[in-house]
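# Coordinates in review
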Amino acid sequence: MNTYLRMLRRVRPYLPQVVASVLLTFLYSLLTAATILLVRPTFSTLFAATDPPAAVAEQTAPERSSSTAAEAVPFDDTLGLKDRLDLAYRDFEAWLLEGSNLDALQRVVIIIFFVFLAKNLAHYASTVLTNWLGLRLIKDMRDDVFARLLELPLGFFHRHRAGELISRATNDVQIANKTVNVSFTNLVRDPAQIVGYLAVCLWISWKLTLLAFLVLPLSMLVIVSIGKRLRRYSHRQQERMADLTSVLQETVYGIRVVKAFAMERFERRKYLAESARVFVDMFKIARTNRLSSPLSEQMAVIVGAVILWFGGRQVFVEQTLEPEAFLTFLAAMFSMLHPIKELSQVNNGIQEGMAAAERLFEILDSPAEAGADPELPDLPAGPGRVEFRDVHFAYLPGEPVLQGIDLLAEPGQVVALVGSSGAGKSTLVDLIPRFYDPQQGQVLVDGHDVRTVSLRSLRERLGIVTQEVILFNDTVRNNIAYGLGEVAHGQLEEAARAANAHDFIMRMPDGYDTLIGDRGTKLSGGQRQRLSIARAILKNPPILILDEATSALDTESEQLVQEAIDRLVQDRTTFVIAHRLSTIRSADRIYALKAGRIVESGSHGTLLAAGGVYADLYNLQFRAQETGG
Ligand SMILES: Nc1ncnc2c1ncn2[C@@H]1O[C@H](COP(=O)(O)OP(=O)(O)O)[C@@H](O)[C@H]1O
Ligand SMILES: [Mg+2]
């Protein structure tokens, strides 16, 4: 229920449209019910066709308006209101049927034309408006989910698969809005129509109406239980759809690996299995959905049969009901079937939508990245001094990754982090841009705890180059200037030259305006890396983080990249995690990490002489590089 209210609350910005749509829907429903009242005069005109025209004019009109209580009692009389309604309707009918048969027919035809015209105009206007509302809501929801995804902390993306999130932001948004759409069309239109028809029925014979509605609670019970089942199926189907999207997305992104390992058949089987599950669930939903409509119609037919029997008796045997009135009653009763049928689907639509809505609210309710708070002050300009004070960090409770880290990088210094794979080097540098927050201790930039300044100002101060380069499907120019807005071409080219990227960019078909293609797959690893260095040079940050920036490269491109990096680190505080000895040896200070602790620190010479962890690593990893060249 809470989810339901929250979904409905999303229409609040569109209150005028909602009110207009509801009013139009009401108008449409009223006019629809009113068309029933034309049944009787239409029949009267046609049945009267055998009578001489004059007789109709003389006979029917006065007789009908005066014979309220007499022999042929056309309507039950129970209410004062009812009497007045009877009279008004009789007057209307008398006016309609006045004159010759053909005159009457003409009037009936004209009235029918205009009532239906008005009804259909109202119908068109109300459905267009409701569809507009629905599409707006889908758009709002989609946009909100995307905006939220941007604000969520990195940890959230480790916990959820990319395909699942994509599925939620697309499939689930679509489904969730069923709840609102259905609520606004069916929950307004169908009850309004039912009430309209019901009023006509009650007016003609409250006894017969009562009889009909004795059977109603039974059908309600069936409808509610179908709805419950549908929600359960829906939940499962949406989860499976997310699984399917996940497999699809992983295959598309990892297509090189899939092909390289000849895993097409494996991936295909994996996909087919998921796909089959989605099919089964979707079919179950469809089956259940399709069941409710014939089921409720069958129930309505039971009601209809009962009515026909008892009503027919009143006409033939007891003669307490005029045949034309009974016809109108039946028309109203059977017209009620459609809205009742639709209404039985309402619950289904709502339940299906709610399952999706719950998954969306899960994203929307996830807490945003800490420090996205716009109230936090900006980090004041500074030389770029970075300090870790007794920092402890764990991704998962009870599994510490960093323990008691104390570290200092003076402005302009190069600090190297060494340690075996999994020692915590990447985690340590990830704390500087606040990708994660330490559970204990402080990370300070120019004397300010990173948690006390705005994320934006903090990250503006940092340049990050990692082994994995993420490029966007855009031009070379926009990829280099990513996040910087308009940049003069001279500056851009200067950065590209410093990054040893200018030459290969100029060899591309459109130079700086060449489209990189999806994630830059058309570029070599070294080229991608140099673009990412050009990005960092152009950004010109006082603090630089290089996390294995050259690890994935061959010797030739490594040379070019290394030159670029040497230019990049000048006059910046730099954290470097590298497998190249030259980078590490020239560092101002080296920190050796082991299982999340700093075990040694100092210059290359002192650490080597000390013969500890660094010396071991040196002997194991770097010595070959030194002797080899
Ligand atoms: N997102 C994560 N969730 C849980 N554990 C992680 C995550 N990232 C890294 N780890 C774990 O933290 C430890 C340190 O990882 P990392 O900092 O990447 O090491 P390094 O960069 O020194 O190779 C490893 O044991 C790794 O398994
Ligand atoms: Mg790492």
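This structure is a prediction, so every number in the text was calculated from the model and none was measured. (Residues numbered from 1 in each chain as written. Chains lettered and ligands numbered in written order. Predicted model: local features only at pLDDT ≥ 70, side-chain atom pairs only at ≥ 80, totals over all residues. Heavy atoms only, no water.)

Moving on to the packing of aromatic side chains. For the structure on display, the rule yields 11 aromatic pairs. Judged by centre distance (5.7 Å) and plane angle (85°), the rings of Tyr14 and Trp132 are edge-to-face. Of the two residues, Tyr14 is situated in the loop between helix 1 (2-9) and helix 2 (15-36) and Trp132 in helix 6 (residues 101-151); the sequence distance between them amounts to 118 residues. Judged by relative accessible area, Trp132 falls into the partly exposed class, the value being 36%. Ring geometry for Phe279 versus Phe283: centroids 6.3 Å apart, planes at 10°, classification stacked. (Phe/Tyr/Trp six-rings, centres within 6.5 Å; stacked < 30°, edge-to-face > 60°. Helix = DSSP H or I, 4+ residues; strand = E, 2+ residues; numbered from the N terminus. Buried < 20%, exposed > 50% of the residue type's maximum accessible area, 1.4 Å probe, protein only.)

Attention now goes to the environment of Leu471. For Leu471, the location among the structural elements is in the loop between strand 6 (462-466) and helix 17 (476-480). Between the alpha carbons of Leu471 and Gly490 there is a distance of 22 Å; along the sequence they are 19 residues apart.

For the rest of this paragraph, the subject is the site of ligand 1. Taken together, His158, Tyr395, Val401, Ser420, Ser421, Gly422, Ala423, Gly424, Lys425, Ser426 and Thr427 make up the full set of residues near ligand 1. Gly424 places a main-chain nitrogen or oxygen 2.9 Å from an oxygen atom of ligand 1. Note that an oxygen atom of ligand 1 is positioned 2.7 Å from one of the side-chain N or O atoms of Ser426. Out of a free accessible area of 560 Å², ligand 1 has 62% covered by protein chains. The element best represented in the shell around ligand 1 is helix 15 (residues 425-430), accounting for three residues. Its residues assigned to classes, the shell around ligand 1 comprises three nonpolar, seven polar and one charged. (Near = heavy atom within 4 Å. Polar contact = N/O pair within 3.5 Å; in protein donor to acceptor, adjacent residues only side chain to side chain. Areas by Shrake-Rupley, 256 points an atom, 1.4 Å probe, with all protein chains shown as cover. Nonpolar A, V, L, I, M, F, W, Y, C, P; charged D, E, K, R; others polar.)

Moving on: the pairing of strand 2 (residues 399-409). Where strand 1 (residues 386-396) and strand 2 come together, seven bridges link them in antiparallel fashion. Counted as the bridge partner of Val391 is Ile405 from strand 2. Between strand 1 and strand 2, which pair antiparallel and follow one another directly, the connecting turn spans two residues, one of which, Gly398, has a positive phi of 85°. (Pairing = 2+ DSSP bridges.)

Our next topic: unusual backbone geometry. Negative phi values dominate among residues other than glycine, just as trans dominates among peptide bonds. If you check the backbone angles, Gln319 has positive phi at about 55° while not being a glycine. Here Gln319 lies in the loop between helix 12 (264-318) and helix 13 (323-335). Using a relative accessible area of 57% as the deciding quantity, one classes Gln319 as exposed. Even without being a glycine, Asn500 presents a positive backbone phi close to 55°. Following the sequence through the fold, Asn500 ends up in the loop between helix 18 (489-498) and helix 19 (502-506). Exposure remark for Asn500: the relative accessible area of 17% places this residue in the buried category.

Another point: the pattern of salt bridges. As a working rule, side chains carrying opposite charge can pair if their charged atoms are close by. One pass over the structure, following the stated rule, counts 26 salt bridges. For Arg385, the salt bridge goes to Glu387, with nearest N and O atoms at 3.5 Å. According to the relative accessible area criterion, Arg385 is partly exposed, its value standing at 29%. Look at the salt bridges and you will find they share partners, linking Arg161, Glu164, Arg168, Asp243 and Glu362 into a network. (Salt bridge = Lys/Arg side-chain N within 4 Å of Asp/Glu carboxyl O.)

This part takes up empty space enclosed by the protein. Tallied over the full model, the rule gives five cavities of 30 Å³ or more. Estimates place the volume of the second largest cavity at around 50 Å³. Contributing to the lining of the second largest cavity are Thr25, Tyr28, His123, Ser126, Thr127, Thr130, Phe184, Thr185 and Arg189. Every element with two or more residues in the lining of the second largest cavity is listed here: helix 2, helix 6 and helix 8 (162-204). For the lining of the second largest cavity, the element with the most residues is helix 6, which contributes four residues. Partitioning the lining of the second largest cavity into residue classes produces two nonpolar, six polar and one charged. (1 Å grid on protein atoms, 1.4 Å probe; cavity = no way out; pocket = protein on both sides within 12 Å on 5 of 7 lines; lining within 4 Å. Points joined across faces, edges and corners; volume = space filled by probe spheres on them.)

Right, let's get into the packing of helix 9 (residues 206-214) against helix 12. For the pair helix 9 and helix 12, the least separation of the axes is 9 Å and the interaxial angle reads 155°. As the angle between them shows, helix 9 and helix 12 are arranged roughly antiparallel. For the pair helix 9 and helix 12, the crossing hand works out as right-handed. Counting all contacts with helix 9, which are made through Leu208, Leu211 and Ala212, the residues of helix 12 involved are Val303, Val306, Ile307, Phe310, Gly311 and Gln314. Among the residues forming the contact of helix 9 with helix 12, the class breakdown is seven nonpolar, two polar and no charged. (Axes fitted to C-alpha atoms, helices over the stretch in contact; angles between N-to-C directions. Parallel < 35°, antiparallel > 145°, perpendicular 65-115°, else oblique. Left-handed = near helix turned anticlockwise from the far one by under 90°. Contact = heavy atoms within 4.5 Å.)

Here we take up a nonpolar patch on the surface. Together, Phe43, Leu46, Phe47, Leu102, Leu105, Val109 and Leu327 make up a nonpolar patch on the protein surface, roughly 640 Å² of accessible area in all. Tracing the backbone through its elements, the reader meets Leu105 in helix 6. Since its relative accessible area comes to 34%, Leu105 is described here as partly exposed. (Patch = residues over 30% accessible without salt bridge, like charges linked within 9 Å, V, L, I, M, F, W, Y side chains within 5 Å.)

Core analysis: the biggest nonpolar cluster contains 46 residues, and Ile480, Ile505, Leu531, Ile533 and Leu546 have the highest contact counts within it. When residues in this core are grouped by element, the largest group, six residues, is from helix 20 (residues 525-539). Excluding its chain neighbours within four sequence positions, the residues that come into contact with Leu546 are Val465, Ile565, Leu568, Val569, Thr574, Phe575, Val576 and Ile577. Core analysis: the next-biggest nonpolar cluster, separate from the first, contains 30 residues, Val391, Leu402, Ile405 and Leu593 among them. (Core = buried A, V, L, I, M, F, W, Y, C linked by side-chain atoms within 4.5 Å.)

On to the sheet that holds strand 1, then. The strand order across the open sheet formed by four strands is 2-1-4-5, and the pairing between neighbours is antiparallel. Where the open sheet ends on each side, the last strands, each with one partner, are strand 2 and strand 5 (448-449). Bridge count for strand 4 (residues 440-445) against strand 5 is two bridges, and the pairing is antiparallel. Each bridged residue has a counterpart across the sheet, and for Val445 the counterpart in strand 5 is His448.

This brings us to the domain arrangement of the chain. In terms of domains, the chain is made up of domain 1 (2-365) and domain 2 (386-628). Centre-to-centre separation of domain 1 and domain 2, based on C-alpha positions: 61 Å. (Domains from an automatic or database assignment.)

So, on to the sheet that holds strand 8 (residues 573-577). Spatial strand order, 6-7-8-3-9-10: six strands in an open sheet with mixed pairing. The open sheet terminates on both sides in strands that have one partner only, identified here as strand 6 and strand 10 (597-602). Going across the sheet, the axis of each strand differs from the next one's by a mean of 15°, ignoring polarity. With four bridges connecting them, strand 3 (residues 414-418) and strand 9 (residues 589-594) associate as parallel partners. Following the sheet pairing, Leu417 is matched in strand 9 by Tyr591. Lying over the sheet, helix 20 contacts strand 6 and strand 7 (543-547), oriented at roughly 175° with respect to strand 6.

Before going further, it helps to spend a moment on the environment of Pro367. On the secondary structure map, Pro367 appears in the loop between helix 14 (337-365) and strand 1. A relative accessible area of 63% means that Pro367 is categorised as exposed. In this structure the C-alpha to C-alpha distance between Pro367 and Arg580, which are 213 residues apart in sequence, comes to 40 Å. Those residues within four positions of Pro367 in sequence are excluded, and the remaining contacts are Arg148, Leu152 and Pro153.

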